[in-house]
Amino acid sequence: MDIGIEKIGFYTPKNYIDIVELAKARNQEPDKFTIGIGQSKQAVPAEYEDAVTMAAEAAEQILSDNRTDIGLVIVGTESSVDESKASALFLMDLLNLPEDARAFEIKEACYGATAGVQMAYNFIANNPDKKALVIASDIARYGINTPGEVTQGAGAVAMLISNQPEILKLENKSVYMSCNVGDFWRPTFSKTAFARGKFSNQIYIEFFQTLWEKYQAKYQATAEDFKAMLFHIPYTKMGAKAMRTLEGNIPDATYAELKNQYQESIKFGREVGNLYTGSLYLGLLSYLINSDVKAGEELLLFSYGSGAVGELYSAKVAKNFKDNLNSEEIKQTLEQRQQISIADYEKIFSKSIKNGEKVDPAEVTGKFYLSEIKENERLYSKK
Ligand code: COA
């Protein structure tokens, strides 16, 4: 039985800042941010947006009227809104999902959604009449005037996994590794992450190299087997650095072609910033929409979550994948955003809805929003 991604939805907040403006405000060379880091714009979530509302926005795009066959709901996030209750539970009524389902959250930095995808694969293998909804949703925050600030962002990618892989067939070929590493963490008291940025880059690259060795050995694979290698992209330079480790180790023409293909996978991420666990999957979406990839071609996906877990797995592009992607809507989502000033971004950054406060629905631009915090409980609404 074929199993894989049937549909993909994407959401990012309406507001963004321009990275050149950010560089100027931080007395940095704009080229450092646009070339050295490789970003153009950064999404800025509104006060009433969080991992739950963005997950709902992305998922709503791919759910049909009949939702009774959804048997698994997983939210991969490291921007959780509650230490106990899973984000996935808030989605049950927001998205009108059936109670005959397992719904929970997975946390492992930027790896969470990949854990969800792999779990969904096994679930569908055991329950072919069901579908699984896997959503990556995060707000990447390092703080104003920190080295990581340029690598912030926000958004969600939702994937419907089923035995009708109209977009991507998962091949059940995968290698993975986990080690206790102090490259990035966010203690429960903090809204912003702490990172040893350069150390994190180093571990990410080492994981890619180790996993690529393992993958080649396990499956007798070569780089020529793949049309593209897709990477977890916290910022677009990051995947390029991992890719560079292949130079001289694979044929020059293959390396040049993989580098070209990589450019197509980073187009959307450049416009949005870091999605944490959604970054790999936004890269996939960008690649499928912008590249010349054809049905039947193989992709290799590198997932990395600080802390750290890495996984390298392959997938095959489905026959009618183009017809099953909401390409125009996704491009419009990116085009119809609004630039805000650095001063406004800083104000939004420091604001949050407090216990006892309500949100005026007239201010809300999307469909789903945090409407109130009452007795310290977050209450969500749909417009
Ligand atoms: N023109 C072009 N490139 C320039 C430049 C200029 N004027 N000035 C600097 N650069 C380049 C540097 O050479 C460097 O390139 P390299 O990484 O290829 O060596 C890059 O810009 C970044 O410069 P650097 O001095 O290393 O930046 P930094 O000390 O501000 O830190 C990060 C950059 C990425 C480490 C920092 O933003 C960070 O910690 N981010 C969060 C880490 C993260 O995302 N972790 C998760 C990984 S999975």
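Residues numbered from 1 in each chain as written. Predicted model: local features only at pLDDT ≥ 70, side-chain atom pairs only at ≥ 80, totals over all residues. Heavy atoms only, no water.

Colleague: Explanation requested: the site of the ligand in the structure shown.
Modeller: Near the ligand lie 19 residues; those nearest to it are Lys-32, Pro-147, Lys-198, Lys-237 and Lys-241. The separation between an oxygen atom of the ligand and a polar side-chain atom of Lys-198 is 3.0 Å. Contact with the protein chains hides 72% of the accessible area of the ligand, taken as 970 Å² for the molecule alone. Taken together, the elements giving at least two residues each to the shell around the ligand come down to helix H2 (30-37), helix H6 (197-219) and helix H7 (236-244). Counted by class, the shell around the ligand contains seven nonpolar, six polar and six charged residues. (Near = heavy atom within 4 Å. Polar contact = N/O pair within 3.5 Å; in protein donor to acceptor, adjacent residues only side chain to side chain. Areas by Shrake-Rupley, 256 points an atom, 1.4 Å probe, with all protein chains shown as cover. Helix = DSSP H or I, 4+ residues; strand = E, 2+ residues; numbered from the N terminus. Nonpolar A, V, L, I, M, F, W, Y, C, P; charged D, E, K, R; others polar.)

Colleague: Is there a simple way to think about a nonpolar patch on the surface in this case?
Modeller: On the surface, a cluster of nonpolar side chains totalling about 340 Å² of accessible area is made up of Trp-185, Phe-189 and Phe-194. Within the fold, Phe-189 resides in the loop between strand S9 (184-185) and strand S10 (194-195). For Phe-189, a relative accessible area of 69% corresponds to the exposed category. (Patch = residues over 30% accessible without salt bridge, like charges linked within 9 Å, V, L, I, M, F, W, Y side chains within 5 Å. Salt bridge = Lys/Arg side-chain N within 4 Å of Asp/Glu carboxyl O. Buried < 20%, exposed > 50% of the residue type's maximum accessible area, 1.4 Å probe, protein only.)

Colleague: What am I meant to see in the state of the cysteines here?
Modeller: As used in these notes, a disulfide is a covalent bond between sulfur atoms, one from each of two cysteines. Taken as a whole and judged by the stated rule, the model has zero disulfides. The thiol sulfur of Cys-110 is not disulfide-bonded, and the nearest other cysteine sulfur, from Cys-179, lies at 17 Å. (Disulfide = S-S within 2.5 Å.)

Colleague: Explain the packing of aromatic side chains here, please?
Modeller: In this description, an aromatic ring pair is defined by two values, namely the gap between the centres and the angle between the planes. Using the criterion set out here, one finds 17 aromatic pairs in the structure. Taking the centre distance of 5.9 Å and the plane angle of 85 degrees together, the rings of Tyr-142 and Phe-184 count as edge-to-face. With Tyr-142 in the loop between strand S6 (131-140) and strand S7 (153-162) and Phe-184 in strand S9, this pair connects stretches of sequence that are 42 residues apart. In this structure, Tyr-142 and Phe-184 share a single accessibility class: buried. An aromatic cluster is present here, built from Tyr-204, Phe-207, Phe-208, Phe-231, Tyr-262, Phe-302 and Tyr-304 joined pairwise through their rings. The positively charged end of Lys-41 is found above the aromatic ring belonging to Tyr-16, 4.8 Å away from the centroid. Sitting over the ring of Phe-349, Arg-141 keeps its end group 5.0 Å from the ring centre. (Phe/Tyr/Trp six-rings, centres within 6.5 Å; stacked < 30°, edge-to-face > 60°. Lys NZ or Arg CZ within 6 Å of the ring centre and 35° of its normal.)

Colleague: Looking at this structure, how should I read the sheet that holds strand S2 (residues 15-18)?
Modeller: Spatially, the three strands line up as an open sheet ordered S3-S2-S14, and their pairing is mixed. The open sheet has two free edges, formed respectively by strand S3 (41-44) and strand S14 (338-339), since each of these has just one partner strand. Across the sheet, helix H12 (residues 342-350) is in contact with S2 and S3; its angle to S2 comes to roughly 130 degrees. (Pairing = 2+ DSSP bridges. Contact = heavy atoms within 4.5 Å. Axes fitted to C-alpha atoms, helices over the stretch in contact; angles between N-to-C directions.)

Colleague: Looking at this structure, how should I read the packing of helix H8 (residues 252-265) against helix H10 (residues 279-290)?
Modeller: Helix packing for two helices is described by the angle between their axes and how far apart those axes are. It is the contact of H8 with H10, at a shortest axis distance of 7 Å, that shows an interaxial angle of 105 degrees. With respect to H10, the element H8 is oriented roughly perpendicular. Each of Gln-261, Glu-264 and Ser-265 in H8 lies in contact with H10, whose residues at this interface are Gly-283, Ser-286, Tyr-287 and Asn-290. A breakdown of the residues in the contact of H8 with H10 according to their chemical character gives one nonpolar, five polar and one charged. (Parallel < 35°, antiparallel > 145°, perpendicular 65-115°, else oblique.)

Colleague: What am I meant to see in H7 here?
Modeller: Think of an α-helix as turning once every 3.6 residues; residues three or four places apart then point the same way. All of the buried residues along H7 are Thr-236, Met-238, Gly-239, Ala-242 and Met-243. Across the axial projection of H7, the buried residues extend over an arc of 160 degrees, all falling on one side. Contacts from the buried residues of H7 go to H2, H6, strand S11 (228-231), H8 and helix H9 (267-272). (Arc of directions from axis to C-beta.)

The quantities given are spatial measurements derived from coordinates; they are silent on function.
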